[in-house]
There are 2 protein chains.
Amino acid sequence: MMEKDLTEIGKDARLAARQLLLFSNEKKDQFLETLALSLWSEREKILEANSADVLKAREKMFSEALIDRLLLTEKRLQGMMADIRQLIELPDPVGKVLEEKTLSNGIRAKRQRVPLGVLAVIYEARPNVTVDITALALKSGNAVLLRGGKETRLTNLTLVEVIHQVLVKFELPTTAVQFIDDPDRRYVNKLVKMDNYVDLLIPRGGNRLQEFCKQEATMPVMTGGIGICHLFVDASADLVRVVDVVENAKVQRPSVCNALDTLLVHQNVANTILPMLYERLKRYPVEMKLDEYSAAVLGIQPELGLVAAVEGDYDQEWLALILGIKVVEDVDEAIHHIWQHSTFHSDGILSETKENINKFVRSVDSAAVYVNASTRFTDGAQLGLGGEVAVSTQKLHARGPVGLEALTSYKWILEGDYTVRE
Amino acid sequence: MMEKDLTEIGKDARLAARQLLLFSNEKKDQFLETLALSLWSEREKILEANSADVLKAREKMFSEALIDRLLLTEKRLQGMMADIRQLIELPDPVGKVLEEKTLSNGIRAKRQRVPLGVLAVIYEARPNVTVDITALALKSGNAVLLRGGKETRLTNLTLVEVIHQVLVKFELPTTAVQFIDDPDRRYVNKLVKMDNYVDLLIPRGGNRLQEFCKQEATMPVMTGGIGICHLFVDASADLVRVVDVVENAKVQRPSVCNALDTLLVHQNVANTILPMLYERLKRYPVEMKLDEYSAAVLGIQPELGLVAAVEGDYDQEWLALILGIKVVEDVDEAIHHIWQHSTFHSDGILSETKENINKFVRSVDSAAVYVNASTRFTDGAQLGLGGEVAVSTQKLHARGPVGLEALTSYKWILEGDYTVRE
């Protein structure tokens, strides 16, 4: 399927990354603007390829939800262009001096931001990801290997063709953005071993892909994007407003990683808040998985969406209109539950008690910790990062939305006057 | 050999890390001062255990150089105490706010430094490492698993006993610092798979250990500590002072990772500088591995330490009084040689030509890039980081000396007023 050997692709990417070290901030933004314009001028070709992907998906009887994720329209292309232009507005992180000092021997030492080098991203479905990642990678001076899903293969190949045209226009190597055409999944095993050529591997996908990369990859991997998210309703919370927040966190877009999965309720307010919540959530309807205490309050009535929680329900990322409910004794039990069950993506407290808020914020060590807000804000655009290539839930390098800055590293630059060490 | 199962050790470390989230800056420094004092008051016990280790090493006919690395003395204990007190002087990175902003919806968002959680360090020989890592880990709020070498087993066990006494005194769990007693190397295979309990694995050792960890570990690994280091002598360099710098970089401590391995010489000055260098280096003597050009200048005379470089000589970290020499056409060839052969630890240019310096600094993407200085400054103490647990040569999270700050991550804290996403 592929014309080039994967090792050659890796070598070319490494070389391209080195050429990108001289890619100036000004040129980067010109490049991005030209890319945005080219997406529009080539829209016919792009949408045609996308129609072929969609047709294939329909033949395979994919769900309408999945087809909707694949689908490109003129409006969605305009959305992609707008995202690129947002990125143009952001400062280039490369070259920024993070720290500067004169050592006692006279050496001027500074830490300066540099690109990571070569990124490899494994992703599925949505074709806007191809353009998002390319734009973020190039603005941060990185070469990128794109290993997209087969469902959008033709769209991706066409998008990369357009990207290559723009790279050529700017006298940049087309190997700065390489698409790994791998509909039979034959190259992933090898890709994850190419630590000589790939500085960071980003698997965007489910648990299986992430586990595979953790087990098999020999280069640094940025895992994340899986959120078992919690809100704890403390006894002092404003219960009327809690209902709005829980509704928003659960219902506004249930299919995403920062949607609410488990609600923890302080026992002192369980009798009041649970019926209020049920009244609100039954509109959608949201199925509520109840622990013993909450079942005693609301009653188990499966036909009304009130079911008993079973083993493992608190370890589910629902991605659907389902909500786990558990009544806890106090903020300490809430924290312990989160320690046991969270994926450390987005977890929050709803409370008016400063002491409990402080304890929660300090003890819950998730990528994003919320106080009196919906969990739905863990998102590069929401946090002003100009999009994201992933949402990291591991501890190293970057946590939460991975934007421009997280795609850079730093180096030490030490300038002396023929200085030697005593 | 071990009383506890490794999984139990991991679980306990995770729990201890969570307790350390509430370890205040003040308490940390009091802890460190008490630790320094305890090392001194328990010196008899520590030095006795060390004598037993040294005796065993002598029985096994270890080299004097290795025995010197194992050896503790009262003076060396005082050095360890001084290192701890330097660390006390440094600010605690935990809790520092890196960024703070108000989103358009009113949410206050900030990124705040937090400990990584649980570190696991695999290391050999020098017993001061046990104390260094413990001090750095605890000041940055991390629990740590220490898997030291068998050569210093008894010393390490005694040091950890002293550390535990101090932990108990401060009402901290002794599981915050656990020694993995593994003289038969039976636990490393399992340790590297414990991604549930270990946030960062730091292998301090040679190529084989690092490769093993890259291949097998399922958690983030910080590789480094292997330096094939270069200096490029440009045509415009002050040649008299170049000799001092090269001598220092090669000779001052040849056994360490930031010592010089390969000297690249601009062809226009090869005839002048090479004889000057030879005159200086023959005092030690340094063996010079010559490429064809430099062989033509100096002549191959093995009895005088002038030998022909062979395949692979430019891919050697010498750790000895040996220096590879290669004459290059210009700064571009020097950069290309470094791209091919460096481990991206410490590489430098000696030059008076601004254009070449800029090109070199921008293109050579090593952890530390030097201008007119010896490579010997890539070191946590030299850079004012209060020691180091490793010298990273990978791109993610931290590069160069890994000090306090590099042992932290950050989390996002988002405070709203029952804020929901539109």
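Residues numbered from 1 in each chain as written. Chains lettered and ligands numbered in written order. Predicted model: local features only at pLDDT ≥ 70, side-chain atom pairs only at ≥ 80, totals over all residues.

**Student:** Tell me what's going on with the relation of the copies chain B and chain A, and back it up with residues and numbers.
**Tutor:** Between chain B and chain A, which share one sequence, the superposing operator has a rotation angle of 180 degrees and an axial displacement of 0.0 Å; the RMSD is 0.0 Å. Interpreted geometrically, this transformation is the action of a two-fold axis. Minimal C-alpha separation from the rotation axis in chain B is found for B:His397, amounting to 1.9 Å. With an isologous cut-off of 70% or more, the 100% of interface residues of chain B that recur at the interface of chain A puts this contact in the isologous class. (Least-squares fit on C-alpha atoms with pLDDT ≥ 70 in both. Contact = placed C-beta atoms within 7 Å.)

**Student:** How would you summarise the environment of B:Leu172 if you had to cite specific residues and measurements?
**Tutor:** Residues and elements named next belong to chain B. Tracing the backbone through its elements, the reader meets Leu172 in the loop between helix H7 (153-169) and strand E5 (177-179). As for Leu172 and Asp234, which are separated by 62 residues in sequence, their C-alpha atoms are 56 Å apart. Residues contacting Leu172, with those up to four places away along its chain left out, are Gln19 and Leu167. (Helix = DSSP H or I, 4+ residues; strand = E, 2+ residues; numbered from the N terminus.)

**Student:** For the interface of chain B and chain A, give the residues involved together with the corresponding values.
**Tutor:** Listed per partner, the contact involves 61 residues of chain B and 61 residues of chain A. Put simply, the parts of the chain that give the side of chain B that touches chain A at least two residues each are strand E2 (108-115), helix H9 (207-216), helix H10 (239-251), helix H14 (354-363), strand E13 (368-373) and strand E16 (408-419) of chain B. For the side of chain B that touches chain A, the element with the highest residue contribution is E16(B), accounting for 11 residues. Residues belonging to the side of chain B that touches chain A are distributed by class as follows: 27 nonpolar, 17 polar and 17 charged. In terms of strand pairing, strand E16 (residues 408-419) of chain A meets E13(B) through five bridges, oriented parallel. Bridging from a neighbouring strand, A:Trp412 pairs with B:Ala368 of E13(B). (Nonpolar A, V, L, I, M, F, W, Y, C, P; charged D, E, K, R; others polar. Pairing = 2+ DSSP bridges.)

**Student:** Requested: an account of helix H3 (residues 43-59) of chain B, with residues and values cited.
**Tutor:** All names here are of chain B. In this model, H3 (17 residues) spans 24 Å end to end at C-alpha, consistent with the 24 Å of a helix rising 1.5 Å per residue. All buried positions along H3 are accounted for by Ile46, Ala49, Asn50, Asp53, Val54 and Ala57. Buried residues in H3, looked at end-on, bunch into an arc of 145 degrees, giving them a common side. Every exposed residue of H3 that faces more than 90 degrees away from the buried side is listed here: Glu44, Glu48, Leu55, Arg58 and Glu59. Buried residues in H3 make contact with helix H2 (25-41), helix H4 (64-70), helix H5 (74-89) and H7. Once H3 finishes, Met61 follows within two positions and takes phi at roughly 60 degrees, a positive value. (Expected span 1.5 Å × (residues − 1). Buried ≥ 20, exposed ≤ 12 C-beta atoms within 10 Å, placed from the backbone. Arc of directions from axis to C-beta.)

**Student:** Residues and numbers for the domain arrangement of chain A, please.
**Tutor:** According to the domain assignment, chain A consists of domain 1 (6-222 + 402-415) and domain 2 (229-379). A C-alpha centroid distance of 36 Å is found between domain 1 of chain A and domain 2 of chain A. (Domains from an automatic or database assignment.)

**Student:** Hey, could you go over the sheet that holds strand E12 (residues 346-350) of chain B for me, with residue numbers and the actual values?
**Tutor:** Spatial ordering of the open sheet is given by E1(A)-E2(A)-E16(A)-E13(B)-E12(B)-E7(B)-E8(B)-E11(B)-E9(B)-E10(B), a layout of 10 strands whose pairing is mixed. Pairing within the sheet leaves two strands with one partner each, and these edge strands are strand E1 (97-102) of chain A together with strand E10 (306-308) of chain B. Across the sheet, the mean angle separating the axes of adjacent strands is 25 degrees when strand polarity is ignored. (Axes fitted to C-alpha atoms, helices over the stretch in contact; angles between N-to-C directions.)

**Student:** Give me the lowdown on the environment of A:Asn156, citing residues and values where you can.
**Tutor:** Residue and element names in this part refer to chain A. Structurally, the position occupied by Asn156 is in helix H7 (residues 153-169). Linking Asn156 and Gln340, residues 184 residues apart in sequence, is a C-alpha distance of 40 Å. Once residues lying within four places of it in the same chain are set aside, the contact partners of Asn156 are Pro127, Thr130, Gly148 and Phe179.

**Student:** Go over the pairing of strand E13 (residues 368-373) of chain A, please, and point to the residues and values.
**Tutor:** With respect to burial, E13(A) is a largely interior element, six of its six residues being buried. Between the parallel pair strand E12 (residues 346-350) of chain A and E13(A), the chain is carried across by helix H14 (residues 354-363) of chain A, and the sense of this crossover is right-handed. (Right-handed = clockwise from strand over helix to strand, strands pointing away.)

**Student:** Run through the pairing of strand E11 (residues 322-328) of chain B, naming residues and quoting values.
**Tutor:** Residues and elements named next belong to chain B. Most of E11 is tucked away, with six of its seven residues classed as buried. As defined by bridge partners, strand E8 (residues 260-266) adjoins E11 across five bridges and the pair is classed as parallel. Note on E11: the bridge partner recorded for Leu263 is Ile325. Sheet analysis places strand E9 (residues 287-290) next to E11, joined by four bridges and oriented parallel. Along E11, the bridge assignment pairs Glu287 with Ile322.

**Student:** Give me the lowdown on H7(A), citing residues and values where you can.
**Tutor:** Residue and element names in this part refer to chain A. Across its 17 residues, H7 extends 24 Å between first and last C-alpha, which sits within 8% of the 24 Å expected from 1.5 Å per residue. Among all positions of H7, only Arg153, Leu154, Thr155, Asn156, Thr158, Leu159, Val160, Ile163, Val166 and Leu167 are buried. Here the buried face of H7 lies against helix H2 (25-41), helix H3 (43-59), helix H6 (128-139) and strand E5 (177-179). At the C-terminal side of H7, Glu171 shows a positive phi close to 55 degrees.

**Student:** Can you lay out the packing of H2(B) against helix H6 (residues 128-139) of chain B for me, pointing to particular residues and giving the numbers?
**Tutor:** Residue and element names in this part refer to chain B. H6 packs onto H2 with a crossing angle of 165 degrees between their chain directions and a minimal axis gap of 10 Å. As the angle between them shows, H2 and H6 are arranged roughly antiparallel. The handedness of the crossing between H2 and H6 comes out as right-handed. Here Lys28, Phe31, Leu32, Leu35 and Leu39 of H2 lie close against H6, whose contacting residues are Val131, Ala135, Leu138 and Lys139. Classifying every residue of the contact of H2 with H6 by side-chain character gives seven nonpolar, no polar and two charged. (Parallel < 35°, antiparallel > 145°, perpendicular 65-115°, else oblique. Left-handed = near helix turned anticlockwise from the far one by under 90°.)

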